[in-house]
Amino acid sequence: DQVRVVIVGAGPAGLVLGNILRARGVDTLVLERNSREYVQNRARAGFLGVHSVRVLTEHGLAGGLLRAGRSHGTCVFRTGEGELTLYYGQLGRGESHVVYPQQDLVTDLVASYLDRGGELRFGVAVTDVDPATGTVRYRDSFGAGEVTGRFVAGCDGGHGVTRQAVPGRPATRDHGVSWLAVLAAAPQSMAAVTYALHDRGFAGHMARGPQVTRYYLQVQADDEPSAWTEERIWTALGERMRVGEYWPLRTGPVTERRIVHLRSAVASRLQHGRLFLAGDAASLISPSAAKGANLAIMAAEVLARGITDVLTRDDERVLAAYSRTCLPRIWRAQEFSHWMIELLHAPAGDDPDIGFRRSLRRARLDSLRDSRAHQDFFAENYVGI
Ligand code: APR
């Protein structure tokens, strides 16, 4: 059972890769542990940068997102000193995001992949990959099995097995911050992405769809999601978003609450033998700057080009440079994401070190408010990869 490219994981990384390869006539097999319903309903990110939209458009994968996605080019920092609004779509390179829920993108990508004649098996958990031979071992409802690929793409997310087959320790960081990620069945409360900076902790507001809004609340690392009742969530959001000074939130039933620990992990190399890592498997990034899905699409495109060059014209250059091409971009995103984390979270307490960090944060916001150059820099990094 020899397949040309075995792709582990049907998230944005695996599905974009599979789609581009299928469009170029390459044999592919995607193995996904969960069911189709599960991956198509899992709400995650939603902000796509210009590069992602370009890749999806060029490869005929942007139908849904061009139809239903909404352009978004403003963000607001709300503090005790007022609001700072950045029209980032008109700053820097003049680029905006397209907001399109990730589960809708995944749904589109599954459909087009199957249309392109791609093979996709749900309910198959890969247990181990041999990078030297390209053998992928898995378990499904029939028991254990294996397939061999000339190439194997590890697109199995931040907690997958494929990255363990690549030697070298990833560079990791626990940012020491946890968020309660909330989805509310309610229209957005504000026109823009809003980051509320408050002594009790960060609170965030992000549009998703006409009747769905994403909120984040900074919480204790050991908090149980169930301890956050709807009432407690809306009270904390209201307080940190200072609704008394602005306008009330448009509340609705909370449909998801999940604790996210802000952590990063970047593999030291993205390739070993026949195995190539892409997406969260290559680099887990905190959601503070909405880079995860965009990095996944970036890597998938480079990898697809590299593999096609080898298979269609025996040209190994792009594939050989895969790590070298992607890692600097991944690190730029990590750096910006880290910068955002520092901006959004001031630790509580009155010891002098904490006071120092809080004042640094204020100075950073002042600089963003006053300096056009700083705003341009922010905009370029916020939307770009
Ligand atoms: N075998 C098969 N499939 C697996 C295995 C396994 N052992 N382990 C994980 N998977 C599947 C998961 O079920 C999931 O569907 O791999 C897929 C990985 O998808 P994502 O986690 O979405 O990762 P990726 O495609 O890299 O996209 C990353 O999407 O939601 C964002 O925060 C995420 O923004 C990041 C981006």
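In this numbering scheme, every chain counts its residues from 1 along its sequence in written order. At least 70 in pLDDT is required for a residue's local features to be given in this predicted model, at least 80 for side-chain atom pairs to be given and counted, and no such filter applies to totals for whole chains, interfaces and linings, which use all residues. Based on all heavy atoms of the structure, the side-chain values leave hydrogens and waters out of the count.

A. Summary view of the layout of surface pockets. Computed from the structure, the second largest pocket encloses a volume of approximately 510 Å³. Site definitions follow a grid-based scheme: protein atoms alone, a 1 Å grid, a 1.4 Å probe that fits but cannot get out for cavities, and for pockets an open set with protein on both sides within 12 Å along at least five of seven lines, plus lining residues having an atom within 4 Å of a point. As for the second largest pocket, its lining consists of 27 residues, of which Gly176, Val177, Gln218, His345 and Pro347 are closest to the centre. Elements are defined by DSSP. Helices are runs of H or I of four residues or more, strands are runs of E of two residues or more, and each kind is numbered from the N terminus. Listed by contribution, the elements that provide at least two residues to the lining of the second largest pocket are strand S12 (171–184), strand S15 (212–219), strand S16 (254–266) and helix H9 (322–344). The element that contributes the greatest number of residues to the lining of the second largest pocket is S12, accounting for six residues. Its residues placed into classes, the lining of the second largest pocket shows nine nonpolar, nine polar and nine charged. Grid points are joined across faces, edges and corners, and a volume is the space filled by probe spheres set on the points. Any residue outside Ala, Val, Leu, Ile, Met, Phe, Trp, Tyr, Cys, Pro, Asp, Glu, Lys and Arg is labelled polar, Gly included; the first ten of those are nonpolar and the last four are charged.

B. Broad picture of the packing of aromatic side chains. For Phe, Tyr and Trp, where Trp contributes only its six-membered ring, two rings pair if their centres lie within 6.5 Å, and the inter-plane angle classes them as stacked under 30 degrees, edge-to-face over 60, or tilted in between. Tallied over the entire structure, the rule returns 15 aromatic pairs. Taking 5.8 Å as the distance between ring centres and 70° as the angle between the ring planes, the aromatic pair formed by Phe276 and Tyr322 counts as edge-to-face. Here Tyr322 lies in helix H9 and Phe276 lies in strand S18 (residues 275–277), a separation of 46 residues in the sequence. For every residue, the accessible area obtained with a 1.4 Å probe (protein chains only) is divided by the maximum for its type, and the residue is called buried under 20%, exposed over 50%, and partly exposed between those limits. According to the relative accessible area criterion, Tyr322 is buried, its value standing at 1%. Here the aromatic residues Phe77, Tyr88, Trp179, Tyr195, Phe202, Tyr216, Phe336, Trp339, Phe378 and Tyr382 are joined through ring pairs into a cluster of three or more. In this scheme, the term charge over a ring applies when either NZ of a lysine or CZ of an arginine sits within 6 Å of the ring centre and within 35 degrees of the ring normal. When the ring centre of Tyr246 is taken as reference, the NZ or CZ atom of Arg78 above it lies at 3.7 Å. Between the NZ or CZ atom of Arg78 and the centre of the ring of Trp247, over which it lies, the distance is 5.4 Å.

C. Looking closely at the site of the ligand. We call a residue near a molecule or strand whenever a single non-hydrogen atom of that residue lies within 4 Å of it. Around the ligand sit 25 residues, and of these Glu32, Gln102, Val126, Asp280 and Ala293 come closest. Here a polar contact is recorded for every N or O atom pair within 3.5 Å, except that within protein the pair must consist of a potential hydrogen donor and a potential acceptor, and residues adjacent in sequence are included only if both atoms are side-chain atoms. The side chain of Gln102 places a nitrogen or oxygen atom 2.7 Å from an oxygen atom of the ligand. Measuring from an oxygen atom of the ligand, one finds a backbone N or O atom of Asp280 at 2.8 Å. When the ligand sits alone it has 720 Å² of accessible area, and the protein chains cover 92% of it. Listed by contribution, the elements that provide at least two residues to the shell around the ligand are helix H1 (12–23), strand S2 (28–32), strand S9 (125–130) and helix H7 (292–313). For the shell around the ligand, the leading source of residues is H7, giving three residues. Areas reported here follow the Shrake-Rupley algorithm with a probe of radius 1.4 Å; residue values treat only the protein chains shown as occluding.

D. Molecular detail of the pattern of salt bridges. Any Lys or Arg side-chain nitrogen located within 4 Å of an Asp or Glu carboxyl oxygen qualifies as a salt bridge. Summed over all chains, the structure comprises 18 salt bridges. Its salt-bridge partner being Glu146, residue Arg137 comes within 3.7 Å of it at the nearest N-O pair. Asp366 is the partner of Arg369 in a salt bridge, and the nearest nitrogen-oxygen pair spans 3.0 Å. Placement of both Arg369 and Asp366 in helix H10 (residues 352–370) is noted, with a separation of three residues, approximately one turn of the helix. Under the relative-accessibility criterion, Asp366 is labelled partly exposed at 34%. Each of the salt bridges in this network shares a partner with another, and the network as a whole consists of Asp309, Arg313, Asp315 and Arg317.

E. View of the sheet that holds strand S7 (residues 97–99). Read from one edge of the open sheet, three strands run S3-S7-S4, paired in antiparallel fashion. Edge positions in the sheet fall to strand S3 (47–48) and strand S4 (70–72), since each has one partner strand and no second. Two strands are said to pair when DSSP picks up at least two bridges between them. As judged from the two bridges shared by S3 and S7, these two strands associate in the antiparallel manner. Looking at the pairing, Leu48 lines up with Val98 of S7.

F. Layout of the nonpolar core. As used here, the term nonpolar core means buried Ala, Val, Leu, Ile, Met, Phe, Trp, Tyr and Cys residues forming a set that is joined through side-chain atoms within 4.5 Å. Ranked by size, the top nonpolar core spans 70 residues in total, and within it Leu17, Leu31, Leu56, Val136 and Tyr322 carry the most contacts. The greatest single-element share of this core, amounting to twelve residues, is contributed by H7. The contacts of Leu56, once residues within four sequence positions are left out, are Val16, Leu48, Leu61, Ala62, Leu65, Leu105, Leu109 and Ile297. Core analysis: the next-biggest nonpolar cluster, separate from the first, contains 32 residues, Tyr195, Phe378, Ala379 and Val383 among them. It only takes one pair of heavy atoms within 4.5 Å for two residues to be counted as in contact.

G. Examining empty space enclosed by the protein more closely. For the coordinates displayed, the defined rule picks out one cavity of 30 Å³ or more. As for the largest cavity, its lining consists of Ala45, Gly46, Phe47, Leu48, Tyr100, Gln102, Leu105 and Ala293. Secondary-structure elements contributing two or more residues to the lining of the largest cavity are S3 and helix H5 (102–115). Grouping the constituent residues of the lining of the largest cavity by class yields six nonpolar, two polar and no charged.

H. Representation of the side chain of Asn381 in the model. Within the secondary structure layout, Asn381 lies in helix H11 (residues 372–383). Among the residues examined, Asn381 registers a relative accessible area of 8% and is labelled buried. Aside from chain neighbours lying at most four places away, what touches Asn381 is Lys291, Arg332 and Phe336.

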